[in-house]
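Working through the structure, step by step
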Amino acid sequence: MNRSFCDPLRTIGRQIKSAEATYQRQANSVQLLAVSKHHPVAAIEAAYKCGQRAFGENYAQELHAKAVRLRQADIEWHFIGPIQSNKTPLIANIAHWVHSIDRYKIARRLSEQKPANKAAINLCIQINISAEASKSGVNTEQLPALAEQIQELEGIRLRGLMAIPAPTSQVQQQREAFARVRQAMEALNQQGYNLDTLSMGMSQDMEAAIAEGATIVRIGTAIFGQRPAT
Ligand SMILES: *Cc1c(COP(=O)(O)O)cnc(C)c1O
């Protein structure tokens, strides 16, 4: 594995900057999360050499294996996949961010299991914005109660919302879904929360997400290419 990812990372960096300007977003208000799930450690090392520091993983064991191999590197690890409760110790030990919280029990276990000397874990609640029965995430009616419970926990910081809208190539539909995520966060902030993070936008819908206020875009394929089959 000796591919370089500097070119795609630069290209996406330029696209982010251009979208920030087009949609009157503050410069550098959108962070690029490189989603490295299923790609080998060598791919992360190569992207790291280009200056990328934030990496996203979907599987707890894979996160753990990679973090052990890369423990010398100054990586900000983001967990973005569905979470089984028996996997929370691995995630609590490693992740700086967890985007995919959809029940209180998982947040509570992360709070309890986080090592005392590790900084607070940043959490996003995943919302099921397209109301698809098969997707994870809470619906907007369940959101206020879950946010209230999570807010009380020690060792974690509730930062915002994450969503994976139903895929569509229609930019207007992409924007409508992302706008609903932003409105859900604004509604919480009106109730006194201080949330600052919208984790939304992937390779196919990044620009629409930035237009609607994304602060973290989660990009895999456009950086690393197609994921190897598992
Ligand atoms: C895989 C994945 C991504 C990256 O998707 P791409 O289409 O490869 O950019 C982003 N977010 C989540 C939650 C994912 O599982």
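For the structure itself, consult the block above.
Position numbers for residues count from 1 along each chain, tracking the sequence in the order it is written. Side-chain atom pairs in this predicted model are given and counted only at pLDDT of 80 or more, local residue features only at pLDDT of at least 70, and totals for whole chains, interfaces and linings cover all residues. Water and hydrogen atoms play no part in the side-chain values, which are based on all heavy atoms of the structure.

The next subject is the overall build of the protein chain. Secondary structure elements follow DSSP: runs of H or I no shorter than four residues count as helices, runs of E no shorter than two count as strands, and numbering proceeds from the N terminus. Along its length, the protein chain carries nine helices and eight strands. In summary, the protein chain has a C-alpha radius of gyration of 17 Å against a globular reference of 17 Å for 230 residues, a match within 12%. For the protein chain, the spread of C-alpha atoms along the three principal axes comes to 50 × 40 × 35 Å. Within the span of the protein chain, comprising 230 residues, buried residues form 49% of the whole. Note on definitions: a residue-residue contact is assigned when non-hydrogen atoms from the two residues lie within 4.5 Å. Here the contacts in the protein chain between residues at least 6 apart in sequence split such that 57% fall between residues at least 24 apart. Radius of gyration here is computed from C-alpha atoms only, and the compact-globule reference equals 2.2 Å multiplied by the residue count raised to the power 0.38. Only protein chains enter the accessibility calculation, which uses a 1.4 Å probe. A residue is then buried if its area is under 20% of the maximum for its type, exposed if over 50%, and partly exposed in between.

On to the pattern of salt bridges. In the sections that follow, a salt bridge refers to a side-chain nitrogen of Lys or Arg positioned within 4 Å of a carboxyl oxygen of Asp or Glu. In total, this model carries nine salt bridges according to the counting rule given. The salt bridge involving Glu57 is made with Lys66; its shortest N-O contact spans 2.8 Å. Judged by its relative accessible area of 0%, Glu57 is buried. By relative accessible area, which is 5% here, Lys66 ends up buried. Of the charged contacts, one joins Asp196 and Arg159 as a salt bridge, the two residues approaching to 3.0 Å between their closest N and O atoms.

This paragraph deals with the packing of aromatic side chains. Pairing of aromatic rings covers Phe, Tyr and Trp, the last through its six-membered ring, and needs centres within 6.5 Å; plane angles under 30 degrees mean stacked, over 60 mean edge-to-face, and all others mean tilted. According to the stated counting rule, one finds two aromatic pairs in the structure shown. Relative to Phe224, the ring of Phe5 has its centre 5.0 Å away and its plane inclined at 70°; by these criteria the two rings are edge-to-face. Taken together, the positions of Phe5 in the segment before helix 1 (6-22) and Phe224 in helix 9 (residues 221-224) put the pair 219 residues apart, joining distant regions of the chain. Here Phe5 matches Phe224 in class, with each residue buried. Both rings, one in Phe55 and one in Trp77, keep their centres 6.4 Å apart while their planes meet at 50°; by these two values the pair is tilted. Of this pair, Phe55 sits in strand 2 (residues 54-57) while Trp77 sits in strand 3 (residues 76-79), placing them 22 residues apart in sequence. Here Phe55 and Trp77 have matching classes, each one buried. Ring-over charges, as used throughout, are those where CZ of Arg or NZ of Lys falls within 6 Å of the ring centre and within 35 degrees of the ring normal. Arg53 extends its terminal NZ or CZ atom over the ring of Tyr48, reaching a point 3.6 Å from the ring centre.

Further remarks concern the pairing of strand 2. Alternating residues of strand 2 divide into Ala54 and Gly56 and Phe55 and Glu57, and every residue in both groups is buried. Read from strand 1 (residues 31-35) through helix 2 (residues 41-49) to strand 2, the crossover connection turns out right-handed. Pairing of strand 2 with strand 3, which is carried by four bridges, proceeds in the parallel orientation. When the sheet's bridge partners are listed, Ala54 is paired in strand 3 with Glu76. When the strands point away from the viewer, a crossover counts as right-handed if the path from the first strand over the helix to the second runs clockwise. For the crossover that starts at strand 2, traverses helix 3 (residues 60-69) and ends in the parallel strand 3, the hand is right-handed. In short, DSSP must find at least two bridges between two strands for them to pair.

Positionally, Gln52 belongs in the loop between helix 2 and strand 2. Counted as a polar contact is a pair of N or O atoms within 3.5 Å, where, for protein atoms, one must be capable of donating a hydrogen and the other of accepting one, and residues adjacent in sequence contribute only when both atoms are in side chains. At 2.9 Å, the side chain of Gln52 forms a polar contact with the backbone oxygen of Leu32. If we ignore the near neighbours within four places in the chain, the residues touching Gln52 are Leu9, Leu32, Leu33, Ala34 and Ala47.

Interpretation in functional terms is not warranted from these geometric data alone.
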